[in-house]
Amino acid sequence: MLIEPIHTGMYRKLFRAVEDSRGFLEPWLPWVPFNDSPEASLRYAEACEADWSVGSALRLSMRFRDDAEIVGVITLESCSDLHRHCDLGYWLRKEHTGKGLMTEAAGRVISFAFETIKMHRIRCAAAEENAPSRRVIERLGFVQEGVAREAERVKSRWMTHVVYSLLSTDPLPPPPRP
Ligand SMILES: CC(C)(COP(=O)(O)OP(=O)(O)OC[C@H]1O[C@@H](n2cnc3c(N)ncnc32)[C@H](O)[C@@H]1OP(=O)(O)O)[C@@H](O)C(=O)NCCC(=O)NCCS
């Protein structure tokens, strides 16, 4: 799995990845209805470049080594140099779920966050009913902190979040089962 920063050269592939899984992503991600054209993906890619250049967010695409199509996206948002804190987010194309890909990719991005850019705390929140996402977060060793009531509005539906965090000093999760 190759994980590389999103840049404007990949905006068409980015749009295709969203478009192909739109119905799967829409119930969980509030931005999906607004990502409604290749031009919207281009604006997103431009923001990714600008935010990474000032260190405020790092957004990465995932793809297989022998295939240029984007499989998913994983992000470190709201990076704070002062507090050494950021928020983890992610999504996959529907056909690539159920293979442990996000657990692997997120594990690598978390190592980068702690070891290379010296983050101390990573927060991750998922809707209470988003079982696959919560399973990924818990498998990565995140600790549940609490519940944020009606924290997000997705397609006119209020979603209550379960909030987790991982500290650079927390014990590593057990290795994945073979
Ligand atoms: C969240 C997401 C990235 C996880 O993808 P993934 O790594 O392929 O996850 P899986 O499909 O392997 O599921 C992860 C775990 O949840 C479990 N799971 C899946 N559906 C479930 C359900 N309906 N109820 C309970 N557990 C479920 C799986 O069994 C798996 O656990 P296991 O490996 O211990 O058996 C993917 O589902 C996705 O992109 N969802 C839409 C976008 C999204 O929700 N993003 C996150 C917002 S917080």
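Quick note: structure is the one above.
Residues numbered from 1 in each chain as written. Predicted model: local features only at pLDDT ≥ 70, side-chain atom pairs only at ≥ 80, totals over all residues. Heavy atoms only, no water.

Student: I would appreciate a short explanation of the layout of surface pockets in the present structure.
Tutor: Rolled over the atoms, a probe with the dimensions of a water molecule shows which regions are left empty. Each pocket or cavity is described by its volume, and for the largest pocket that value is around 1200 Å³. If you go around the largest pocket, you meet 44 residues; those closest to its centre are Leu29, Gly89, Tyr90, Trp91 and Ser133. Ranked by residue count, the leading element in the lining of the largest pocket is strand E4 (residues 85–92), at 6 residues. Residue classes in the lining of the largest pocket are distributed as 25 nonpolar, 12 polar and 7 charged. (1 Å grid on protein atoms, 1.4 Å probe; cavity = no way out; pocket = protein on both sides within 12 Å on 5 of 7 lines; lining within 4 Å. Points joined across faces, edges and corners; volume = space filled by probe spheres on them. Helix = DSSP H or I, 4+ residues; strand = E, 2+ residues; numbered from the N terminus. Nonpolar A, V, L, I, M, F, W, Y, C, P; charged D, E, K, R; others polar.)

Student: I'm lost on the side chain of Glu26 in this one. Help?
Tutor: Relative to the elements of secondary structure, Glu26 occurs in the loop between helix H2 (22–25) and helix H3 (38–53). Judged by its relative accessible area of 16%, Glu26 is buried. Not counting residues up to four positions away in its chain, the partners in contact with Glu26 are Val32, Pro33, Val154 and Lys155. (Buried < 20%, exposed > 50% of the residue type's maximum accessible area, 1.4 Å probe, protein only. Contact = heavy atoms within 4.5 Å.)

Student: Honestly, the pairing of strand E7 (residues 157–167) in this entry has me stumped. Any pointers?
Tutor: Two faces, one strand: in a regular strand the side chains alternate between the faces of the sheet. The buried count for E7 comes to 8 of 11 residues, which makes it a mostly enclosed element. Sheet topology note: the strand E5 (residues 121–127)/E7 ladder contains 7 bridges and is antiparallel. Bridging across to E7, Arg121 finds its partner in Leu167. Across 8 bridges, the pairing between strand E6 (residues 143–154) and E7 is antiparallel. Within E7, the position partnered with Val143 by the bridge is Ser165. Linking E6 back to E7 in an antiparallel pair, the connection comprises 2 residues, with Lys155 at a positive phi of about 50°. (Pairing = 2+ DSSP bridges.)

Student: Explain the site of the ligand to me, please; I cannot follow it from the model alone.
Tutor: In the neighbourhood of the ligand, 19 residues make up the surrounding shell, with Leu92, Gly98, Asn130, Arg135 and Arg139 lying closest. The separation between an oxygen atom of the ligand and a polar side-chain atom of Arg139 is 2.3 Å. Contact with the protein chains covers 70% of the free accessible surface of the ligand, which is 940 Å². With respect to the detected pockets, the ligand is housed in the largest pocket. (Near = heavy atom within 4 Å. Polar contact = N/O pair within 3.5 Å; in protein donor to acceptor, adjacent residues only side chain to side chain. Areas by Shrake-Rupley, 256 points an atom, 1.4 Å probe, with all protein chains shown as cover. Sits in = over half its atoms within 2 Å of the grid points.)

Student: Looking at this structure, I do not really get the packing of helix H1 (residues 11–20) against H3. What am I missing?
Tutor: In helix packing, the relevant descriptors are the interaxial angle and the interaxial distance, both defined with respect to the helix axes. For the pair H1 and H3, interaxial distance at closest approach is 8 Å and the crossing angle is 115°. Classified by chirality, the crossing of H3 by H1 is right-handed. Every residue of H3 that contacts H1 at Tyr11, Leu14 and Phe15 is listed here: Pro38, Ser41, Leu42, Tyr44 and Ala45. Residues that form the contact of H1 with H3 fall into these classes: 7 nonpolar, 1 polar and no charged. (Axes fitted to C-alpha atoms, helices over the stretch in contact; angles between N-to-C directions. Left-handed = near helix turned anticlockwise from the far one by under 90°.)

Student: What is the right way to read the nonpolar core from this model?
Tutor: Note on soluble globular proteins: their nonpolar side chains tend to be buried together. Grouped together as the largest cluster of nonpolar side chains are 31 residues, with contacts concentrated most on Ile74, Leu88 and Phe142. Counting only elements with at least two residues in this core, the list comes to strand E2 (58–63), strand E3 (72–80), E4, helix H4 (101–116), E5, helix H5 (131–139) and E7. Per element, the largest residue contribution to this core is 8 residues, and it comes from H4. Once residues lying within four places of it in the same chain are set aside, the contact partners of Ile74 are Ile3, Leu58, Arg59, Leu60, Met62, Leu88, Gly89, Tyr90, Met102, Ala105, Ala106 and Val109. Counting 14 residues, the second largest nonpolar core, distinct from the first, contains Leu14, Val18, Leu25 and Val73. (Core = buried A, V, L, I, M, F, W, Y, C linked by side-chain atoms within 4.5 Å.)

Student: Where do I start with the pairing of E4 in this structure?
Tutor: Of all 8 residues in E4, 8 are buried; the element is thus mostly enclosed. Across 7 bridges, E3 lies against E4 in antiparallel orientation. Following the sheet pairing, Leu76 is matched in E4 by Leu88. Hairpin connection, E3 to E4: the antiparallel pair is bridged by 4 residues, and Arg84 has positive phi, about 50°. For E4 and E5, the ladder comprises 3 bridges, and the chain directions are parallel. Among the inter-strand pairings, Asp87 is bridged to a residue of E5, identified as Arg123. With H4 bridging E4 and the parallel E5, this β-α-β connection has right-handed handedness. (Right-handed = clockwise from strand over helix to strand, strands pointing away.)

Honestly, that's just the spatial picture; any functional story needs more than this.
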